[in-house]
Structure formats: structure tokens, C-alpha cells
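Here are the chains, one letter per residue:
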Amino acid sequence: MFAAVDRIPWAGAREYSTIANISDYALHAGHADCGQQTLLLMTLLRLNGIPTRWQSGWVFADDKYDYDNMHDWAQVYFAPYGWVPMDVTFGRLQSDDPQIAGFYLGGLDAYRLAFNDDFSQSFVPPKQHFRSDNVDSQRGEVEWRGGNLYFDQWDYAFKAHVLAAH
């Protein structure tokens, strides 16, 4: 299932709140972004009795690449190991060594920070106005007494600095 979803090409997507069934959209659109690929894989695994849970946050690179972006991945429960990470968007690596090729099914790189361990959860304290993103919350939410501030009405950024080992 991991390899099958990995074959779906990555492409940017419209806001998740505009998609009635995200995993079905990923299956039939011919492309999907990281969250859509992840939700499709989670759905397929759960339909086969394999527990999964969502994670999302940001990925970043060493300072010389100056890269950061929102990203979604998941965890899958493999007895007796427990919850292990899986990132179908990064998918299978090109290697003849099966442990390297399958790294992202059970392993993650160090260049990510998880902000969410679930999706579609209520905020505490609760928002008073319409949410900008009712599925994920990688950018956060901003509101004021007069209403919600959508993502194009405020700036958000993630800055990371990788420290050298001592």
C-alpha cells in the first residue's frame, strides 16, 4: 500500500476544507499533496486493520539550503515496535538495499518538527469564528473580535538554525 500511494505524483492542492473526502480525492485526482497522500495511505491501512495516526508540522534543511515548508506524514502501529513514522510523500528511496529504499516506512530524517499529532481537533480555548483550516493547523490560526484572519491576511514563517554538534 505504501508503494502504491508513493506512485501518486505530488502536486500542490486546494484547501482541504473544500474537499469532501480527501483520501478519495487523492485516489482519483491523479495527483495529491503530502497531506492527501498521507490520508489516503492511512485510510487504506485502517481499512486493513492497521492502526495509523496523523502527524504534521514543518520540514527544513541545513542553513546553506535555506528551505522550510509545511509537511504532513503519519505514524503506523507495528507490533511489537509500537508507533513508527511513515512518510509516503518522501516515499521509497532509490537503492538496491531494501533497508535504505524503505527508510521512510519506519524512519524519519532529523529535519522536521511535528506540531500536530492529530487532525480536525478543536482548539483550546475554542475559536469564536470560522477556521481557516479545519483539517490541519501547521500555520496556526489568527482571529480578532471582528472575525477570522485568513492566511493571506497575515504573515507566517518558520526559521530554524541547525547547530553544530559539540
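Structural data are supplied above this passage.
Residues numbered from 1 in each chain as written. Predicted model: local features only at pLDDT ≥ 70, side-chain atom pairs only at ≥ 80, totals over all residues. Heavy atoms only, no water.

J.: Even after reading the chapter, I still don't get the packing of helix H2 (residues 22-29) against helix H3 (residues 34-47), so can you show me in this structure?
T.: Helix-helix packing is described using two parameters, namely the angle between the two axes and the distance between the axes. The interhelical angle for the contact between H2 and H3, taken along N-to-C directions, is 105 degrees, at an axis separation of 8 Å. As judged from the angle between their axes, H2 and H3 are roughly perpendicular. Touching Ile22, Ser23, Tyr25, Ala26 and Leu27 of H2 are Gln36, Leu39, Leu40 and Thr43, all from H3. Considering only residue class, the contact of H2 with H3 consists of 6 nonpolar, 3 polar and no charged. (Axes fitted to C-alpha atoms, helices over the stretch in contact; angles between N-to-C directions. Helix = DSSP H or I, 4+ residues; strand = E, 2+ residues; numbered from the N terminus. Parallel < 35°, antiparallel > 145°, perpendicular 65-115°, else oblique. Contact = heavy atoms within 4.5 Å. Nonpolar A, V, L, I, M, F, W, Y, C, P; charged D, E, K, R; others polar.)

J.: What should I look at first to understand the sheet that holds strand S4 (residues 112-116) in this one?
T.: Ordered by their spatial adjacency, 4 strands build an open sheet running S3-S2-S1-S4, and the pairing between neighbours is antiparallel. The two strands at the open ends of the sheet, each matched to only one other strand, are strand S3 (82-86) and S4. Within this sheet the neighbouring strands show an average axis-to-axis angle of 40 degrees, counted without direction. Sheet topology places strand S2 (residues 68-78) next to S3; 5 bridges connect them, and they run antiparallel. Counted as the bridge partner of Gln75 is Pro85 from S3. Helix-sheet contacts for H3 involve strand S1 (52-60), S2 and S3, and the interaxial angle to S1 is about 160 degrees. (Pairing = 2+ DSSP bridges.)

J.: Could you clarify how one ought to interpret the pairing of S1 in this entry?
T.: Where a strand is regular, its side chains alternate between the two sheet faces. Burial runs high along S1: 8 of the 9 residues are buried. As paired strands, S1 and S2 are joined by 9 bridges and run antiparallel to one another. The residue of S2 that forms the bridge with Arg53 is Gln75. Relative to S4, S1 runs antiparallel, the two sharing 4 bridges. Counted as the bridge partner of Gly57 is Ala114 from S4. (Buried < 20%, exposed > 50% of the residue type's maximum accessible area, 1.4 Å probe, protein only.)

J.: Looking at this structure, how should I read a nonpolar patch on the surface?
T.: A grouping of Phe78, Tyr81 and Leu105 is seen on the molecular surface, where their side chains present a nonpolar patch of about 330 Å² in accessible area. Assignment of secondary structure puts Phe78 in strand S2. A residue is classified by how much of its surface remains accessible, and Phe78, at 33% relative accessible area, is partly exposed. (Patch = residues over 30% accessible without salt bridge, like charges linked within 9 Å, V, L, I, M, F, W, Y side chains within 5 Å. Areas by Shrake-Rupley, 256 points an atom, 1.4 Å probe, with all protein chains shown as cover. Salt bridge = Lys/Arg side-chain N within 4 Å of Asp/Glu carboxyl O.)

J.: Looking at this structure, how should I read the nonpolar core?
T.: Within soluble globular proteins, side chains that are nonpolar tend to cluster in buried spots. Counting residues in hydrophobic clusters, the biggest one holds 21 residues, and the most contacted among them are Phe2, Val5, Ile22, Leu41, Met42 and Met86. Among the secondary structure elements, those contributing two or more residues to this core are helix H1 (2-6), H2, H3, S2 and S3. Leaving out residues up to four positions away in the same chain, Met86 has contacts with Phe2, Leu41, Met42, Leu45, Thr52, Trp73, Ala74, Gln75, Val76, Tyr104, Leu105 and Gly106. (Core = buried A, V, L, I, M, F, W, Y, C linked by side-chain atoms within 4.5 Å.)

J.: Even after reading the chapter, I still don't get H3, so can you show me in this structure?
T.: Two residues of an α-helix separated by three or four positions point the same way, owing to the 3.6 residues in each turn. Helix length check: H3 (14 residues) gives 20 Å between terminal C-alpha atoms against 20 Å at 1.5 Å per residue, within 8%. Within H3, burial applies to Cys34, Gly35, Gln36, Gln37, Thr38, Leu39, Leu40, Leu41, Met42 and Leu45. Sitting at the amino-terminal end of H3 is Asp33, which places a side-chain oxygen 3.2 Å from the backbone nitrogen of Gly35. Note on H3: the residue one or two positions beyond its end, Gly49, has a positive phi of about 80 degrees. (Expected span 1.5 Å × (residues − 1). Polar contact = N/O pair within 3.5 Å; in protein donor to acceptor, adjacent residues only side chain to side chain.)

J.: Help me understand the pattern of salt bridges, please; the structure alone is not making it clear to me.
T.: One side chain can pair with another of opposite charge once the charged atoms of both are near each other. In the structure shown here, the tally under the stated rule is 4 salt bridges. A salt bridge links Asp87 to Arg112, with the nearest nitrogen and oxygen atoms 2.9 Å apart. Here Asp87 is found in the loop between S3 and helix H4 (98-101), whereas its partner Arg112 is found in strand S4, with 25 residues between them in sequence. Judged by its relative accessible area of 0%, Asp87 is buried. The partner of Arg131 in a salt bridge is Glu141, with the nearest N and O atoms 4.0 Å apart.

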